[in-house]
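Secondary and tertiary structure notes
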Amino acid sequence: MFGPPLDVLLMFALTTPLIGWVSTKIRFKSLCGVYAVIGLSASGYEIYRLGNVFTETEMIVLNSEPFYSCLRIDYLSFFMALIFILLGFIAALYSIKYMEKDSGVALYYTLLLIMIFGLLGVVFSGDFFTLYIFWELMCIASYALVAFRKQHWEPIEAGLKYLIMSSAGSGTMLLGLSTLYGLAGTLNFAELAVIVPQTSNIWSSISLILLVVGFSVKAAIFPFHTWLPDAHPAAPTPISALLSGIVIKAGVYAILRSLFTFFPSTILHWQTIMVAISILTMSFGNLAALLQDDIKRLLAYSSIAQIGYISFAISMATVPQALTIGLTAALLHILNHALMKALLFLCAGAFIYRAETRSLKELAGIGHKMPVTAIAFTIGALAISGIPPLNGFVSEVMIAYAGIKAGMLAYTAVFLINILIGFAYYLRLIKVIVWSTPNEKLDKVKDTPYLMLIPILVLTALCIIIGVYSAPFIEMAGKAAEALT
Amino acid sequence: MLPYSPWLSWLIPFLGSFSAPLLGKISRKILHCTPFILVFISSIFTFSMLPDIYNHVSMDISVKWIPFLNLSFGVLVDSLSVFMASVVSFIGALILLYSIGYMAEEESLSRYYFFMLLFIGAMIGLVMADNLIQLYIFWELVGLCSYALIGFWYKKPEAVRAGMKAFMVTRFGDLCLLAGILLLYLNTGTFNFLTLKDQVTAGLLDTSLITTLAILLFGGAIGKSAQVPLFVWLPDAMEGPTTVSALIHAATMVKAGVYLMARTVMVLTVTPEYSLIVATVGAITAFMAATMALASFDIKRVLAYSTISQLGYMFIALGIPTEEGWLASQFHLMNHALFKALLFLCAGVLIHMLGTRDMRQMGGLAKRTRITFLAFLIGGFSLSSVPPFNGFWSKEMILEISYRLNGQMGLAIYILGTITAAITFAYTIRMIGLVFLGEESTVKAERTREVPKVMIFPLIVLAVACIISGFLQTQFMHLFHAEKSGLTINPISLSWSLLALILGGLPAYLIYIKRSIPPEKITENPVLKIIHKILTNGYYFDSFYNFIFIKGTALASNKVRKFQTGILNVNMLAFLAGLICLLFFVIQGGML
């Protein structure tokens, strides 16, 4: 119906409740998790198979009835889809053990699969209408997932806040879409790309603003980020990893798509505003994270800062000479940040799983009780602060280079200072976790269970591999950037 | 050259480091010996390259790495890289040998040896790198290892703080360096040293750009080599094990900055303005650090300040835009590596015996530790450039060249250099007097430990090297294919230097060795009292940074966090305000 990767995922999502019923009958609680992991791997395999097609053609149109030409895949979609499905797989695998004690796991996995389904739909959409539908699907699933542990007050409050903020964003987006439709008479990307540049009046600018603001809420760009520091820590940890790792990236993807496909001439005038916003975003995120005591909240603030880095790279790409390098850097950082932040969240989740607290004061020294997790966590923290030879270094250097190439030396200096501030709180985090003496409360803590350790180690390995041998990954990001321009 | 030496010289310790956690599981003895053996093998490979360098062989071997950025991964074999690699591997091997005794009773040894090996491997990798990005990667790895090693005793909060401080401060310089590298790449399209050199020689870069670039690179070196104003991390770094301090000071880390500068001068045809800045920073650092050493009672801190001061001399030499200056800096680097390693290892013996670093609690140790005393004397005299020890030859070379500098700045730099030489001798004598002479230490009764022979052997090797290396000028110059054969004695500059030694040494002798003037008498004088206070507080650099950067960012962070109210009304208001602002920009800008 929607093409193989989406169909597989939808089928698995819809049958998960059934599997949940079976699992209660046969008293095998992890069955749903295993089922979801299988579903995600099957879908991942389908996406991987698409990769071979790109050697011959630039765009795949999934022209199966009844959604003729609503879905098409270019290399950018493929690149994003790979990240989404990989992280989804990792999070699902981690959830099997992490969510063991919760009730209603069948629902949890259904929502998780629907969220990934929505995310994939967003990047596969060939027009704004389809994109909007998948977008809302993904949003609704994520609200429910944030508020999944409904017996506590915090997830409910955060989920509600997220719902209201995000709906405001969706509303703005819808307003932008209707303006655009009234202007161009179509919402198809390919047709818009031809029509919009010709009709450059004020309404096209306004529709673009409304669209970008709508997406910015999801992408957590300052000042539309306010839901994130509440929602990300409140969600169950695998969901936090997904929210910070990929859901906010869907917002970045939509911004990229709309800016560089339809409005290439308009954005040239927006450089200053875009740079200013990205600088504000990263500075806010970094400064707010600096003295944070809640480990998940700290990571959530850091996600805002990282979104600032990505949007900095995007705004550098608005300068013609830095177009390719800026977009490549942004896309590579999307990949890297997804891996690093997921790694950090999953490690933090492991600490929380064992110590049952999110406060850094109480977690101090836990690294001595959980050495493997602590090493993985340290590697993640060093990677995100741009220490070579880890993956964050590669993309952060490329972003800095894009800034220098765009001739914005002062802004690049601010970006580098922000990296330094980010480095300061990650050093503090490492100090608390690794270089402290554990208190008595942590005496009985053991290292992470194997099932949770595997996803962590996979992510750690990816962080190192991309850092040491980044050539193929840069090439992929470069190809994805080419699809935009 | 042994086959593949340019690669194996750094790959052996670098990859070998990953064996440490495994060996730790097998047996402590194997874990103790393997790192030394690995670095010893690596030093055989580096030394095997020396004959080729003598015969004017130089090469650049590389493999493709990131084609998107026109980046390859390679090793550069030339005089400078092989010379540095030899110094690092030689000192590194001796320090690891010493570690067998010094760290014998420590816990988490595999962590120690993992980072030590990685440290040495990364440092050799840094000097062998054939392009700037590769250099930068190893540069950061060196910083990472020093951070982990300074904070090795994590149960002491000061140690962890010192490690973090070292990493933060040097990282500030690193980002300057990174900006410089990227700016250079933007203008040349290459990271490779040789290609860069060709482009610069062909005149493709204009001079003002070169000055900017070189200053940005210099920013990186200031951080790593602990020059003013970023020297604050090095004295605190003394919280780590003494072997780590020895390694940081003699072979790795701080020498990386000097190497980078030497490489910069080689690759970029630097401008006079830039040279003047480097020399001035060097002279100020040399003087300030030496004065701070006078007021410190922690033996390791005194040695740390002396390192900063000696690095200042190397920067003075690097700021002299002639081949002689460049050579003098490298010669001083080698000599400094030898005597500073010796001094630190001697201090390690004392700390191992007494369990304290405070010189006031030491005293009268000469009788009990004859070999250490003798070795410390040799090291101390080399440090304070007493002829004929090695420090004399290289420091005299630097002073003699700076004596020939023109202009008022040149004169000021020379005078500062000479005064620093006087102060250096003063604090060396103070150190010797306090530690080895006078009344016997009171701590010894409570705690005396045997000093194993593995710790004494490196001392002897280094002491002998300190005596010999000063006379190897001809060979040294030949290694760099220089026409000069060694120090040209200038009678005026030489007599000034000797006078400085007497002027500095005499008061210190009277106070700390003859003890005819009590030190309290000096601190009672009101003017000197203020100076003493300034010196013990390190010219208030720490307080200043603490106020601006730590308190400042913490304040900013607190203010920023107030924005995140978590109240939905406020959040929606921010959302609307943002939307309206953006729409306003569009409407105001009209048909954007």
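Figured I'd write up the structure that's included with this text. Bear in mind that the values here come from a model prediction, so they are computed numbers and not experimental data. (Residues numbered from 1 in each chain as written. Chains lettered and ligands numbered in written order. Predicted model: local features only at pLDDT ≥ 70, side-chain atom pairs only at ≥ 80, totals over all residues. Heavy atoms only, no water.)

So, the overall build of chain B
The test is simple: A helix here means a DSSP run of H or I that spans at least four residues, while a strand means a run of E at least two residues long, and both kinds are numbered starting from the N terminus. Note on method: radius of gyration uses C-alpha positions; expected globular size equals 2.2 Å times residues raised to 0.38. Each residue gets one of three labels from its accessible area relative to the maximum for its type: buried under 20%, exposed over 50%, partly exposed in between, using a 1.4 Å probe on protein chains only. Two residues qualify as a contact provided that any one of their heavy atoms is within 4.5 Å of a heavy atom in the partner residue. Each accessible area is a Shrake-Rupley estimate made with a 1.4 Å probe; only the visible protein chains count as cover when residues are assessed. Charge assignment: positive for Lys and Arg, negative for Asp and Glu; neither His nor the chain ends contribute. Charged groups are reduced to one reference atom each: NZ for lysine, CZ for arginine, CG for aspartic acid, CD for glutamic acid.
What chain B contains, in helices and strands, is 25 helices and two strands. By the compact-globule yardstick of 25 Å for 592 residues, chain B fits well, its C-alpha radius of gyration being 25 Å. If one aligns the C-alpha atoms of chain B with their principal axes, the spans along those axes are about 90 × 65 × 60 Å. Among the 592 residues that make up chain B, the fraction classed as buried is 61%. Put simply, 82% of the contacts in chain B that link residues at least 6 apart link residues at least 24 apart. When the accessible area of chain B is evaluated, it comes to approximately 22300 Å², of which 69% is carbon and sulfur surface. When the 39 basic and 29 acidic side-chain charges of chain B are each reduced to a single mean position, those positions are 9 Å apart.

Brief notes about the overall build of chain A
A tally of helices and strands in chain A yields 19 helices and two strands. Scaling as 2.2 N^0.38, a compact globule of 485 residues should have a C-alpha radius of gyration of about 23 Å, and chain A matches this with 21 Å. Each of the three principal axes of chain A carries a C-alpha extent, and together these read 70 × 55 × 40 Å. Every one of the 485 residues in chain A was classed for burial, and the buried ones make up 69%. Carbon together with sulfur atoms contributes 67% to the accessible area of chain A, which is approximately 15400 Å² in total. Distance between charge centres in chain A, computed from 27 positive and 24 negative side chains, equals 10 Å.

Here we look at the layout of surface pockets
Summary: where empty space remains is shown by rolling a probe the size of a single water molecule over the atoms. Condition: Here a cavity is any set of points on a 1 Å grid over the protein atoms alone where a 1.4 Å probe fits but cannot get out, and a pocket is any open set with protein on both sides within 12 Å along at least 5 of 7 lines; a residue lines the site when it has an atom within 4 Å of a point. Grid points are joined across faces, edges and corners, and a volume is the space filled by probe spheres set on the points.
By volume, the largest pocket amounts to about 1700 Å³. Together, 50 residues line the largest pocket, and A:Ile375, A:Ile379, B:Phe18, B:Phe114 and B:Phe115 are the ones closest to its centre. Only helix H15 (371–384) and helix H18 (450–468) of chain A together with helix H1 (5–16), helix H2 (20–26), helix H3 (28–54), helix H5 (109–128) and helix H6 (132–150) of chain B provide two or more residues apiece to the lining of the largest pocket. Looking at the lining of the largest pocket, the element that brings in the most residues is H15(A), giving eight residues.

Some details on unusual backbone geometry
Of the consecutive residues A:Phe222 and A:Pro223, the connecting peptide bond is found in the cis state with omega at 0°. By the element assignment, A:Pro223 lies in the loop between helix H8 (202–219) and helix H9 (228–234). For the peptide bond that leads from B:Pro387 to B:Pro388, omega is 5°, which places it in the cis range. Of note in this structure, B:Met253 is not a glycine but carries a positive phi near 55°. Tracing the sequence through the fold places B:Met253 in the loop between helix H11 (242–251) and helix H12 (254–267).

Brief notes about the environment of B:His249
Along the chain, B:His249 turns up in helix H11. For B:His249, the residues in contact, after removing those within four places along its chain, are B:Leu234, B:Met238, B:Val254, B:Lys255, B:Leu303, B:Ala304, B:Thr307, B:His336, B:Lys340 and B:Phe344.

So, the side chain of B:Ser48
Residues and elements named next belong to chain B. As a reminder of what qualifies: Polar contacts, as counted here, are pairs of nitrogen or oxygen atoms within 3.5 Å of one another; within protein the pair requires one atom able to donate a hydrogen and one able to accept it, and residues that are adjacent in sequence qualify only if both atoms are side-chain atoms.
Its place among the elements puts serine 48 in helix H3. Residue classification places serine 48 among the buried residues on the basis of a relative accessible area of 14%. Within the structure, serine 48 has its side chain in polar contact with the side chain of serine 5 (distance 3.5 Å). The residues contacting serine 48, other than those within four sequence positions of it, are Met1, Leu2 and Ser5.

A word on the state of the cysteines
Note the threshold: The disulfide criterion is simple: two cysteine sulfur atoms within 2.5 Å.
Applying the stated criterion across every chain, the model contains zero disulfides over all chains. Take B:Cys145: it sits in no disulfide, and the sulfur closest to it among the cysteines is that of A:Cys463, at 19 Å. Residue class for B:Cys145 comes out buried when judged on its relative accessible area of 0%.

Digging into the nonpolar core
What counts here: The set of buried Ala, Val, Leu, Ile, Met, Phe, Trp, Tyr and Cys residues whose side-chain atoms join them within 4.5 Å is what this entry labels a nonpolar core.
With 444 residues, the main nonpolar core has A:Phe128, A:Trp135, A:Ile295, A:Leu331, B:Ile91, B:Leu126 and B:Trp233 as its most contacted residues. Per element, the largest residue contribution to this core is 23 residues, and it comes from helix H13 (residues 323–355) of chain A. Excluding anything up to four places from it in sequence, A:Ile295 contacts A:Ala348, A:Phe351, A:Ile352, A:Arg358, A:Leu360, A:Leu363, A:Phe377, A:Leu429 and A:Ile433.

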